[in-house]
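# Residue-level structure breakdown
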Amino acid sequence: MADENGPTARIVVGVDGSEPSRKALRWALAQARRQNAAVEAVTGWTIPATSSFVPVPASDFEAAARQALAHVVDQERHTAPEVPLDTHIVHGHPAQILVDTANGADLLVVGSRGLGSLTGTLLGSVSRYCVEHATCPVLVMRDDET
């Protein structure tokens, strides 16, 4: 049942364009519909160390992050068009940005990729950091290929 005063909960979701993050966004939108929540889709961007060899303006990296987030949101938004959805592109380490943005949220949803020969069983560095440092519950979406 929708609340006439707007969303009663806030779900933050990390989106980096990977399939696990797309799955996380779809899940967050569906959950937000069920619990009358708003969703905040967040992308963090940094300037790669290798860019010091090639002069690339920081605005190019930010623009690429903004475009990637918009593309994923455009592709997944149809699953729950009625859910309030804000997007944020923030400069900094993605894990810290997600933890900071999720401060005070009801839930943080992130994707996970497997590492090495145990693909799908280990947390990635961003999801691990979020699980260990977030002040709200964290849901890690696995990318099961089966």
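This section reports on the structure supplied with the text.

What counts, and where the lines are drawn
- Residues numbered from 1 in each chain as written.
- Predicted model: local features only at pLDDT ≥ 70, side-chain atom pairs only at ≥ 80, totals over all residues.
- Heavy atoms only, no water.
- Buried < 20%, exposed > 50% of the residue type's maximum accessible area, 1.4 Å probe, protein only.
- Helix = DSSP H or I, 4+ residues; strand = E, 2+ residues; numbered from the N terminus.
- Contact = heavy atoms within 4.5 Å.
- Expected span 1.5 Å × (residues − 1).
- Axes fitted to C-alpha atoms, helices over the stretch in contact; angles between N-to-C directions.
- Left-handed = near helix turned anticlockwise from the far one by under 90°.
- Nonpolar A, V, L, I, M, F, W, Y, C, P; charged D, E, K, R; others polar.
- Salt bridge = Lys/Arg side-chain N within 4 Å of Asp/Glu carboxyl O.
- Core = buried A, V, L, I, M, F, W, Y, C linked by side-chain atoms within 4.5 Å.

## A look at helix α3 (residues 94-101)
Those residues of α3 lying buried are Ala95, Ile97, Leu98, Val99 and Thr101. Buried positions along α3 lie against β1 (9-14), β2 (37-45), β3 (85-91), β4 (107-112) and α4 (125-133).

## Details of helix α1 (residues 19-35)
With 17 residues, α1 extends 24 Å from end C-alpha to end C-alpha; this agrees with the ideal 24 Å at 1.5 Å per step. Within α1, burial applies to Pro20, Ser21, Arg22, Ala24, Leu25, Ala28, Leu29, Gln31 and Ala32. Lining the buried residues of α1 we find β1, β2, α2 (58-76), β4 and β5 (138-142). Trailing α1 by a residue or two, Asn36 shows a phi angle of about 55°, which is positive.

## Notes on the packing of α3 against α4
α4 packs onto α3 with a crossing angle of 35° between their chain directions and a minimal axis gap of 9 Å. Crossing of α3 against α4: the hand is right-handed. Taken together, the residues of α4 that come into contact with α3 (itself represented by Pro94, Ala95, Gln96, Leu98 and Val99) are Val126, Tyr129, Cys130 and His133. For the contact of α3 with α4, the class distribution of residues is 7 nonpolar, 2 polar and no charged.

## A look at the pattern of salt bridges
All told, the structure shown has 7 salt bridges when counted by the stated rule. Close ionic contact of Arg26 with Glu19 constitutes a salt bridge, the shortest N to O distance being 3.0 Å. On the basis of relative accessibility, which here comes to 29%, the residue Arg26 falls in the partly exposed class. Accessibility expressed as a relative area gives 36% for Glu19, which makes it partly exposed. Linking Arg66 and Glu62 is a salt bridge whose minimum nitrogen-to-oxygen distance equals 2.9 Å. Residue Arg66 and its partner Glu62 are located together in helix α2, separated by 4 residues, close to a single helical turn. Overall, Glu62 belongs to the partly exposed group, its relative accessible area being 28%. Members of the salt-bridge network, linked through shared partners, are Glu19, Arg22, Arg26 and Glu76.

## Remarks on the nonpolar core
Ranked by size, the top nonpolar core spans 24 residues in total, and within it Ile11, Val13, Val15, Leu25, Val39, Ala41 and Val109 carry the most contacts. For Val13, the residues in contact, after removing those within four places along its chain, are Ala24, Leu25, Ala28, Val39, Glu40, Ala41, Val42, Leu98 and Val109. Ala102, Ala105, Leu108 and Val110 belong to the second-largest nonpolar core, a separate cluster that totals 12 residues.

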